[in-house]
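Survey of secondary and tertiary structure
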Amino acid sequence: MLNRRHLLGAISALAMLASAGTPSFAQDTYDIAMISKGFQHQFWQAVKAGADKAAAEFGANVTFEGPESESQVDRQMDMLAAALSRQPDAIGFAALDSQAAVPLLQQAADAGIPIIAFDSGVDSDIPLSTATTDNVAAAALAADKMAELIGDEGKVAVVAHDQTSRTGIDRVDGFVNRMAEAHPNIEVVTVQYGAGDQLQSTEITKSILLANPDLKGIFGANEGSAIGVANGKTELGSDIVVIGFDSGAAQKGMITSGVMAGAITQNPVGIGYETVKAAIGALNGETLPEVIDTGFFYYDASNMADPEIAAVLYD
Amino acid sequence: MTDTAAPAVKTGPRISGAFHRLLAFSGLIALVVAFSLASPNFMQTQNILAILQATSVNGVLAIAATLVIITGGIDLSVGTLMTFCAVIAGVILTYWGLPMPLGILGAILAGTASGLVSGTVIAKLKVPPFIATLGMMLILKGLSLVISGTRPIYFNDTPGFNQIALGSVVGQVFPAVPVPNGVMILFAVALLAAFVLGKTALGRYTFALGSNEEAVRLSGVNVDRWKIGVYAMAGGIVGVAGVLIASRLNSAQPALGQGYELDAIAAVVIGGTSLSGGRGTILGTLIGALIISVLANGLRILSVAQEWQTVVTGCIIILAVYADILRRRTL
Amino acid sequence: MSAEVGSGAPGPLVEMTDIDKSFPGVRALAKARFELLPGEVHALMGENGAGKSTLMKILSGVYSRDGGTVLLNGQPVEITSPRQAQDLGIGIIHQELALMRDLTAAQNIFIGREPRRFGILDEGRLNRDAAAIFASMNLRLDPTFKVETLTIAKQQMVEIAKALSYRSRVLIMDEPTAALNDAEIAELFAIINRLKAEGVGIVYISHKMDEIKRIADRVTIMRDGEYVGTVRAADTPIETIISMMVGRTLSAETLAIPNTAAAPVALEVKNLNRGREIRDVSFSVRRGEILGFAGLMGAGRTEVARAIFGADRRESGEVWVHGKRVGIASPKDAVAAGIGYLSEDRKHFGLAIGLDVRNNIALASLPRFTGPGGVLDEAGMQKEAVAYIRTLAIKTPSDTQEARLLSGGNQQKVVIAKWLLRDCDILIFDEPTRGIDVGAKSEIYKLLNGLAAEGKAIIVISSELPEVLRLSHRIAVMCEGRLTGILPGGASQEEIMRLATLREPAMQVRHAG
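Small disclaimer: the values here were computed from a predicted structure and weren't measured. (Residues numbered from 1 in each chain as written. Chains lettered and ligands numbered in written order. Predicted model: local features only at pLDDT ≥ 70, side-chain atom pairs only at ≥ 80, totals over all residues. Heavy atoms only, no water.)

**Some remarks on the interface of chain C and chain B**
Interface size is commonly expressed as the accessible surface area that is lost when the partners come together. Basically, it comes down to this: Contact criterion: two residues are considered in contact whenever any of their non-hydrogen atoms come within 4.5 Å of each other. Note: buried area is the sum, over both parts, of the accessible area (probe 1.4 Å) each one loses when the two are combined. In the sections that follow, a salt bridge refers to a side-chain nitrogen of Lys or Arg positioned within 4 Å of a carboxyl oxygen of Asp or Glu. Polar contacts here mean pairs of N or O atoms no more than 3.5 Å apart (in protein, one a potential hydrogen donor and the other a potential acceptor; neighbouring residues in sequence count only if both atoms are side-chain atoms). Runs of H or I in DSSP of at least four residues are treated as helices and runs of E of at least two as strands, each being numbered from the N terminus.
Between chain C and chain B, the contact holds 35 residues from the first and 30 residues from the second. Here chain C packs against chain B, burying approximately 2600 Å² in sum over the two surfaces, 57% of which is carbon and sulfur. Linking Arg204 of chain B and Glu123 of chain C is a salt bridge whose minimum nitrogen-to-oxygen distance equals 3.0 Å. In this structure, the connection of chain C to chain B is made through nine residue pairs in polar contact (both at pLDDT 80 or more). Among the elements of the structure, helix 2 (82-87), strand 8 (120-121) and helix 4 (123-136) of chain C are those that each provide at least two residues to the side of chain C that touches chain B.

Okay, structure coming up:
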């Protein structure tokens, strides 16, 4: 039968493709599975780059996976379950929803697999350590820079990615609270959420600007939100101050051209690197700090080229 | 095809509809064998259970989608409806503090009600199913966010809620194979749907509508009523999926759901159900859903890069449908 | 059961008087009238668009009437749905088969009233009941076969079985023999006679005069939605009925067949094969010749045409055009070789019904009208279209009229114009007059004769023997995929039917599908 032969042939070809993709494991290299919150996003690719760097440096095998969108909590669970079945030596994990992950993390802990949380971390005491940006402090820095640029008075707004993840909550709280504490003449008129989607954030920005003609600035709380805010500004021909978060080629270009005043950058490469390094440390019996601060910086057109900054920016 | 084609199919045997299921099934077996050979970690009880667990939600959604697709329709709202039902369960259990069975019932009723609305819009207002359910998809997504206040609703006050999907009644009897309840629920839904399709008037009209709706109308059958019935039943099944995912995550995640309808439709299509209606089986859909999760799990176990996992899944979908076309050509 | 028409009642079963019905922009029925007696076969005749089907759809509850009265067994009734018509004992077999292809024969017959036990379908009883109906029809058919695996004729039988299963007292048959062969027609007529004897009234809609003569008791003729008259079938000449239908007398045209034996061969087909459908078919057509293809349904005539045209794969065989072998792998190649195919189902395959006449005519020749930058030369297209509208006498208000608004005969002419413009000098016509009015038929015949006289080589596939006999210089007859003989134009119907049923002795008759 023609068709049966076709299909079976194709399946075996796929199986071969699959096995060809399998790296050959030497018994003495550590196998570390990293489950992140996303995959396509440049930020996560930079985390992956840092993890790969550490893997090469310490001679470990690292895989890196994440769901297509940050709402797919159950898909992340499936990835974690598959990673557990692989019986890796250690797991790096950035939870989309900490509660949902607890049963699987418990299973890993019971199996003696050390877990290192990264980025937004995990609300649980199972992870041995968390490699993360202090998002509250990073957003507070954005608030200070915003205040400086608009003369410490007037109305501002926030466009954030979501209100359920740790980073979303911390960055919004960090920015809003800092304004309330240190800049009493600045009013945060609204906080809106665009799921980190550029287009959606653009539309949100435009409606905020049309509703508040006297607005002086908007903080975009992650890469997608920040680009959306800057696009909205350009489309309406507004001259507000935009401060972004994270980097990426588009955002860097906007800062160079002046559409965006500046942005906070985390150190995604450092997050990936520190996660793998901590995992290997745990496997070697080292004691780890509860939180590994991977740092953040404010950058603008003036300091983008500095070697210290350029090293943590990604395209 | 030109005259150079091999004269092999001169009087080939009649190939029955069972063949495609066989084909999908042999595809599934081939995948399992290939992955088992490639990695010793694949064929482990724990991993097989993980695959089944990963199939449960998509499998239930795909069963709902199968019913609608056999009528010649389509339901794009299954993903966000699932979320909506989960949120309803969250409101009943967490916000109102009512007992667990009411939460489950509420989710299933919410699904059924939404199916009634979709079915009515399609049957009575004559809005094409693609458009009607696209609209419902967005309406339900928005309502989920509104009702939940855009935050996840956790089921911490309902002890045992996460046991609906994660617990294992089977495991209490056979500790060696703790098949999660979610998987048993999937099988139960599949049996129920297969029964309805094969043995009841609703099932008969489901096939009849997809085959030739006008002929059904001319036969004096109240087409609208049965069509609405199919969408309502599909909605109720989606309600079960809503309970499953909420239980598994111990929370109703209002932002989740969009995109899940495409995975469900992919499972249906791989399982040999025709998008033009009139034919399809629940068993095929179940196998289709299993192929998707075996593929995802196996490639992960083999540490295949995520980019390539997506490529392979796409290839499998096209191959499955191409196999179906070959089958028809030889019919 | 009380709503059913009582069989012993005297007087008409059905009396429809002054029935009016309009659709947006069209007056379908105006004071139409019809009467049906118990135990009568009453033929309803008229050209396409005369309102026969509309009138019967009103009786069977598909449409509602705008005015007039319907008496059933002497009682006024309002029939608002097909279901209600069935409950009243009125069954209809629709012209377009109204079957669910993916369901079995039995499931189709009992759709809407499946036997159930405790709410669960009783498949066993369903199949037994269906088998009983088939047995009463003297029909050998497995009720568990899916309809899509049955031949068109068998599907038609399933439709009839379905109508019978309602124990209808009134049975409406809309062109029931369109897809049946002679043996099957004989079966159908036997069934009709049995029903007649049981007092069932049968409305028989058909275009085929010989059938009307054989089976009908009375004939009601309609024209333009109006009642023309009712006559007794036995003592009314066919010519009278036709003139009542068309409103004028048609002269019986005979045609002088020129001798084409000396003309060069335009198309030669050698040893064409595909599975059981086409078995070693070889023939040739000369310039100026019309080669008729006769045979029963499923004999393989359309399959041969499609294989020559490249629309279907062939396993082996050669096609020679004007003495040169041509490789035809797709319709594109066939058209390039000058072969045009006018399919049976114009609306599906031949005509883009949403486009206007001009674009339909130009459709196969667009490269010729494509100027620099891909812009179409509308003026050139219009010029050609208008020229063909004139030479083929296509009745259309203008070349920008949408094709779907034309009558069947004029649509056919548009397709012919398309191939002529494409310089096709070998034309294959598959059922060129199916669904075309009596009046328009003779125009198509004249057109075909004219094309042959111009030197085109023409193949005409037709299931109507008089048509084949009237048109063809030679007649090729097929049976079960084989070419069983080629007869001269003056052959007798008996001789054609003998070849059309000339089965291979060793050939075992297999079940449909």
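**A few points about the side chain of Arg65 of chain C**
Residues and elements named next belong to chain C. Within the secondary structure, Arg65 sits in the loop between helix 1 (52-59) and strand 4 (67-72). A polar side-chain atom of Arg65 sits 2.8 Å from the main-chain carbonyl oxygen of Gly68. Separated by 2.9 Å, the side chains of Arg65 and Glu78 make a polar contact. Once residues lying within four places of it in the same chain are set aside, the contact partners of Arg65 are Ile19, Asp20, Lys21, Ile58, Val70, Val77 and Glu78.

**Quick notes on the domain arrangement of chain A**
Residue and element names in this part refer to chain A. Rules: Reported domain spans reflect what an automatic or database domain assignment gives.
Assigned domains within chain A: domain 1 (28-133 + 268-294) and domain 2 (135-266). Spacing between the C-alpha centres of domain 1 and domain 2 amounts to 29 Å. Across the boundary between the two partners, domain 1 contributes twelve residues, which contact ten residues of domain 2. Between domain 1 and domain 2, roughly 870 Å² of surface is buried when both sides are summed, and carbon and sulfur atoms account for 50% of that area. For the domain 1 face of the interface with domain 2, the top three residues by lost area are His41, Phe43 and Thr133, together amounting to 46%.

**Concerning the nonpolar core**
Our working definition: In plain words, nonpolar cores are sets of buried Ala, Val, Leu, Ile, Met, Phe, Trp, Tyr and Cys residues tied together by side-chain atoms within 4.5 Å. Three labels apply to residues, based on accessible area from a 1.4 Å probe with only protein chains included: buried if under 20% of the type maximum, exposed if over 50%, partly exposed otherwise in between.
Residues Phe93 of chain A together with Leu61, Ile63 and Met82 of chain B are the most contacted members of the largest nonpolar core, which totals 134 residues. Apart from the residues within four sequence positions on either side, Met82 of chain B is in contact with Val57, Leu61, Val238, Ala241, Gly242, Ile245, Leu256 and Tyr260 of chain B. Core analysis: the second largest hydrophobic core is formed by 67 residues, Ala299, Ile426, Ile436 and Ala457 of chain C among them.

**Focus: the packing of helix 2 (residues 45-70) of chain B against helix 11 (residues 260-270) of chain B**
Residue and element names in this part refer to chain B. For clarity, the threshold we go by: The axes are straight lines fitted to the C-alpha atoms, using for helices just the contacting stretch, and the angles between their N-to-C directions are given from 0 to 180°. Each angle receives one of four descriptions, namely roughly parallel if under 35 degrees, roughly antiparallel if over 145, roughly perpendicular if within 65 to 115, and oblique otherwise. A crossing counts as left-handed when the near helix is turned anticlockwise from the far one by less than a right angle, and as right-handed when that turn is clockwise. For this classification, the nonpolar set comprises Ala, Val, Leu, Ile, Met, Phe, Trp, Tyr, Cys and Pro, the charged set comprises Asp, Glu, Lys and Arg, and every other residue, Gly included, is treated as polar.
For the pair helix 2 and helix 11, the least separation of the axes is 8 Å and the interaxial angle reads 70 degrees. Considering their axes alone, helix 2 and helix 11 lie roughly perpendicular with respect to each other. In the crossing of helix 2 with helix 11, the sense of the turn from one axis to the other is right-handed. Where helix 2 abuts helix 11, its residues Asn58, Leu61, Ala62, Ala65, Thr66 and Ile69 lie against Tyr260, Asp263, Ala264, Ile265, Ala267 and Val268. Each residue belonging to the contact of helix 2 with helix 11 can be placed in one class, and the counts come to nine nonpolar, two polar and one charged.

**Notes on the side chain of Ser168 of chain C**
All names here are of chain C. Along the chain, Ser168 turns up in the loop between helix 5 (152-165) and strand 9 (170-174). Of the polar contacts made by the side chain of Ser168, one reaches the backbone oxygen of Ala163; its length is 3.2 Å. Not counting residues within four places of it along the chain, the set of residues in contact with Ser168 comprises Gly89, Ile90, Gly91, Ala163 and Val200.

**Topic: the sheet that holds strand 16 (residues 316-321) of chain C**
Sheet strands pair by backbone hydrogen bonding; their relative direction is either parallel or antiparallel. Residues and elements named next belong to chain C. Under the convention used in this document: What makes two strands pair is DSSP finding at least two bridges between them.
The strand order 14-13-16-17 describes an open sheet built from four strands, whose pairing is antiparallel. In this open sheet, the two strands that pair with only one neighbour each are strand 14 (278-286) and strand 17 (324-326). Ignoring strand direction, the axes of neighbouring strands in this sheet form an average angle of 20 degrees. Relative to strand 14, strand 13 (residues 265-274) runs antiparallel, the two being bridged by six bridges. Paired with Leu267 across the two strands is Val285, which belongs to strand 14.

**Some details on the sheet that holds strand 12 (residues 296-300) of chain A**
Residue and element names in this part refer to chain A. Taken together, the six strands give an open sheet; going across it, the order is 7-6-8-9-10-12, and neighbouring strands pair in mixed fashion. The open sheet has two free edges, formed respectively by strand 7 (186-193) and strand 12, since each of these has just one partner strand. The average angle at which neighbouring strand axes cross in this sheet is 20 degrees, direction not considered. In this structure, strand 8 (residues 215-220) lies alongside strand 9 (residues 241-245), joined through three bridges in parallel fashion. In the strand pairing of strand 9, Gly217 is matched with Val241.

**Things to note about unusual backbone geometry**
In the Ramachandran plot, Lys126 of chain B falls in the positive-phi region, its phi being about 60 degrees despite a non-glycine side chain. Tracing the chain through its elements places Lys126 of chain B in the loop between helix 4 (100-123) and helix 5 (129-148). We note that Asp280 of chain C has phi near 50 degrees; this positive angle belongs to a residue other than glycine. Note that Asp280 of chain C resides in strand 14.

**Thoughts on the pattern of salt bridges**
Pairing between side chains of opposite charge can happen when their charged atoms approach one another. What the rule picks out here adds up to 38 salt bridges over all chains. Across the salt bridge formed by Asp102 of chain C and Arg279 of chain B, the nearest N and O atoms sit 3.2 Å from each other. A residue pair is termed interchain when its members come from two chains, as with Asp102 of chain C in the loop between strand 6 (90-93) and helix 3 (105-109) and Arg279 of chain B in the loop between helix 11 and helix 12 (282-301). A residue is classified by how much of its surface remains accessible, and Arg279 of chain B, at 13% relative accessible area, is buried. Residue Lys332 of chain C pairs with Asp333 of chain C through a salt bridge whose shortest N-O separation is 3.6 Å. Taken together, the salt bridges that share partners define one network made up of Glu213, Glu214, Arg217 and Lys227 of chain B.

**Some details on the arrangement of the chains**
The interface with the highest contact count, out of two pairs of chains in contact, is the one between chains A and B. Chain A makes no contact with chain C; the smallest distance between any of their C-alpha atoms is 16 Å.

**Section: the environment of Asp425 of chain C**
Residue and element names in this part refer to chain C. Mapped onto the elements, Asp425 comes out in the loop between helix 14 (408-421) and strand 19 (426-430). Separated by 86 residues in sequence, Asp425 and Ile339 have C-alpha atoms that sit 6.6 Å apart. Looking at Asp425, its side chain comes within polar contact range of the side chain of His322, at 3.3 Å.

**Observations concerning helix 8 (residues 181-199) of chain B**
The test is simple: To estimate the expected span of a helix, count its residues, drop one, and scale the result by 1.5 Å.
The end-to-end C-alpha distance of helix 8 of chain B, which contains 19 residues, comes to 26 Å, matching closely the 27 Å that a straight helix rising 1.5 Å per residue would cover. Buried residues of helix 8 of chain B: Asn181, Gly182, Val183, Leu186, Val189, Ala190, Ala193, Val196 and Leu197 of chain B, and no others.

**Regarding helix 17 (residues 493-500) of chain C**
Our working rule: This arc is built from the directions going out from the helix axis to the C-beta atoms.
Among the residues making up helix 17 of chain C, those that are buried are Ile496, Leu499 and Ala500 of chain C. Considered in projection along helix 17 of chain C, the buried side chains sweep an arc of 100 degrees and stay on one side of the axis.

**Comments concerning the pairing of strand 3 (residues 90-93) of chain A**
Residue and element names in this part refer to chain A. Heads up, the rule is: Handedness of a crossover is defined as follows: orient the strands so they point away from the viewer, and if the path from the first strand over the helix to the second runs clockwise, the crossover is right-handed.
On strand 3, burial covers both faces: Ala90 and Gly92 on one face and Ile91 and Phe93 on the other are all buried. Of the strand pairs in this sheet, strand 1 (residues 31-35) and strand 3 are connected by four bridges, and their pairing is parallel. When the sheet's bridge partners are listed, Met34 is paired in strand 3 with Gly92. Note that strand 3 and strand 4 (residues 115-118) share three bridges and pair parallel. Across the sheet, residue Gly92 finds its bridge partner in strand 4, namely Ile116. Chirality of the crossover, the property in question, places the unit of strand 3, helix 4 (residues 98-110) and strand 4 among those that are right-handed.

**Notes on the confidence of the model for chain C**
Residues and elements named next belong to chain C. Applicable threshold: Within a predicted model, pLDDT stands for the predictor's per-residue confidence, ranging from 0 to 100.
For chain C, mean pLDDT is 83; residues scoring 70 or higher make up 90% of the total. Least confident of the elements in chain C is helix 11 (residues 346-350), whose mean pLDDT is 61; most confident is strand 20 (residues 457-461), at 94. Low pLDDT, under 50, characterises residues 1-9; the predicted model gives this stretch 15 contacts beyond four residues in sequence or across chains. Below a pLDDT of 50 lies the segment residues 505-513, which in the model reaches 14 contacts outside its immediate sequence neighbourhood of four places, other chains included. ipTM for the predicted complex: 0.74, alongside a pTM of 0.72.

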